[in-house]
Every structure is written in structure tokens, then in C-alpha cells.
Amino acid sequence: MKKIALSALFAALLLCSCRGSNARQLTAEMACEAVNNYCHQTYDWSMAEENPDMMYVAMGSETETEYEVIFRSYTGAFVHFHVDKASGMARMVEQVPAMNLESEAGTINLFDYLGAAHD
């Protein structure tokens, strides 16, 4: 009887911990918010004060496992954030279409750029 009770307790704890990890999965809105927060902290937006359309953050494509969020700079360059839905890690790829250049720009954890309401 004691083994059954312990097994049931272990199973319940395992199920609860699995549900907890799904709670940290990013939604599209969370990914866009986090990238927007990152970009506002990292890039100078003063050039866009008179013309807000010069710089923006927008959702791109979505797959089963990944969101793409796109930042456009006032220079015409783009940073594509390839966001893993489960982990919140974003791989950044910078693209300068006018010069036909593309380069890896690092990774960030988007959970670091979400407000306290999402923790």
C-alpha cells in the first residue's frame, strides 16, 4: 500500500513539473514583446522619433517550433530573430539587403526581456 501511495505521489509530481515547463513556452505575443523590449534597450530609436515607420518590430513567419520576429533599423538593415518556442532562445541574423550581406549576430534568451507578468 505504501509503494502505491509513493508511486502515485511521484507520478503526480512528475505531471505537475511537466505542466510547469509548458507554462514557460512563448506565445507569439510574448516573443514579439520580448524582441521589442530588447531592440528598444539595444538600439538608438531617436532617428525614428519624427518618422516612426523608419524602425519597427514585426512578426514574420511561424513554424511548429519557431517564431520569426523581424526588427528593421532606420538604416534599412534587418535583424531576424529566430525564436525557439520552447526554450525562448533567439538566434539573431543581421541582413543588409542593399549590400546583399547576411551574418549571424548571436543569441539571446527572450525570457530575459519579458515583463514580470510572464515570469
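Refer to the preceding data block for the structure.
Please read these numbers as outputs of a predicted model, since none were measured by experiment.

A.B. asks: Please clarify how the overall build of the chain should be interpreted in this entry.
C.D. replies: What the chain contains, in helices and strands, is two helices and five strands. For the chain, the N- to C-terminal ordering of α and β elements is α-α-β-β-β-β-β. Considering the chain as a whole, with its 119 residues, one finds that 28% of them fall into the buried category. Intrachain contacts of the chain at a sequence separation of at least 6 include 30% that bridge at least 24 residues. Working note: accessible area of the chain is about 7900 Å², and carbon and sulfur atoms make up 57% of it.

A.B. asks: Would you mind going over the nonpolar core with me for this structure?
C.D. replies: Soluble globular proteins: nonpolar side chains tend toward being buried together. Ranked by internal contacts, the top residues of the largest apolar core, which has 23 residues, are L26, C39, F71, F81, V83 and L110. Of all the secondary-structure elements, those providing two or more residues to this core are α2 (28–42), β2 (66–72), β3 (78–84) and β4 (89–96). Ranked by residues supplied to this core, first place goes to α2 with six residues.

A.B. asks: Help me out: how do you make sense of α2 in this one?
C.D. replies: For an α-helix, the turn length of 3.6 residues means that residues three or four places apart are oriented alike. With 15 residues, α2 extends 21 Å from end C-alpha to end C-alpha; this agrees with the ideal 21 Å at 1.5 Å per step. Buried residues of α2: M30, A31, A34, V35, Y38 and C39, and no others. Looking straight down α2, one finds its buried side chains confined to an arc of 165°; they lie on one side. Lining the buried residues of α2 we find β1 (56–62), β2, β3, β4 and β5 (101–109).

A.B. asks: Would you mind going over the sheet that holds β4 with me for this structure?
C.D. replies: The strands making up a sheet associate through hydrogen bonds between their backbones, and the pairing can be parallel or antiparallel. Here we have five strands laid out as an open sheet, ordered β1-β2-β3-β4-β5, and antiparallel in their pairing. Strands with a single pairing partner mark the edges of an open sheet, and in this sheet they are β1 and β5. Pairs of neighbouring strands in the sheet enclose a mean axial angle of 25°, with direction left out of account. Note that β4 and β5 share eight bridges and pair antiparallel. Residue pairing in the sheet places E94 in a bridge with S103 of β5.

Cut-offs used in this document
- Residues numbered from 1 in each chain as written.
- Predicted model: local features only at pLDDT ≥ 70, side-chain atom pairs only at ≥ 80, totals over all residues.
- Heavy atoms only, no water.
- Helix = DSSP H or I, 4+ residues; strand = E, 2+ residues; numbered from the N terminus.
- Buried < 20%, exposed > 50% of the residue type's maximum accessible area, 1.4 Å probe, protein only.
- Contact = heavy atoms within 4.5 Å.
- Areas by Shrake-Rupley, 256 points an atom, 1.4 Å probe, with all protein chains shown as cover.
- Core = buried A, V, L, I, M, F, W, Y, C linked by side-chain atoms within 4.5 Å.
- Expected span 1.5 Å × (residues − 1).
- Arc of directions from axis to C-beta.
- Pairing = 2+ DSSP bridges.
- Axes fitted to C-alpha atoms, helices over the stretch in contact; angles between N-to-C directions.

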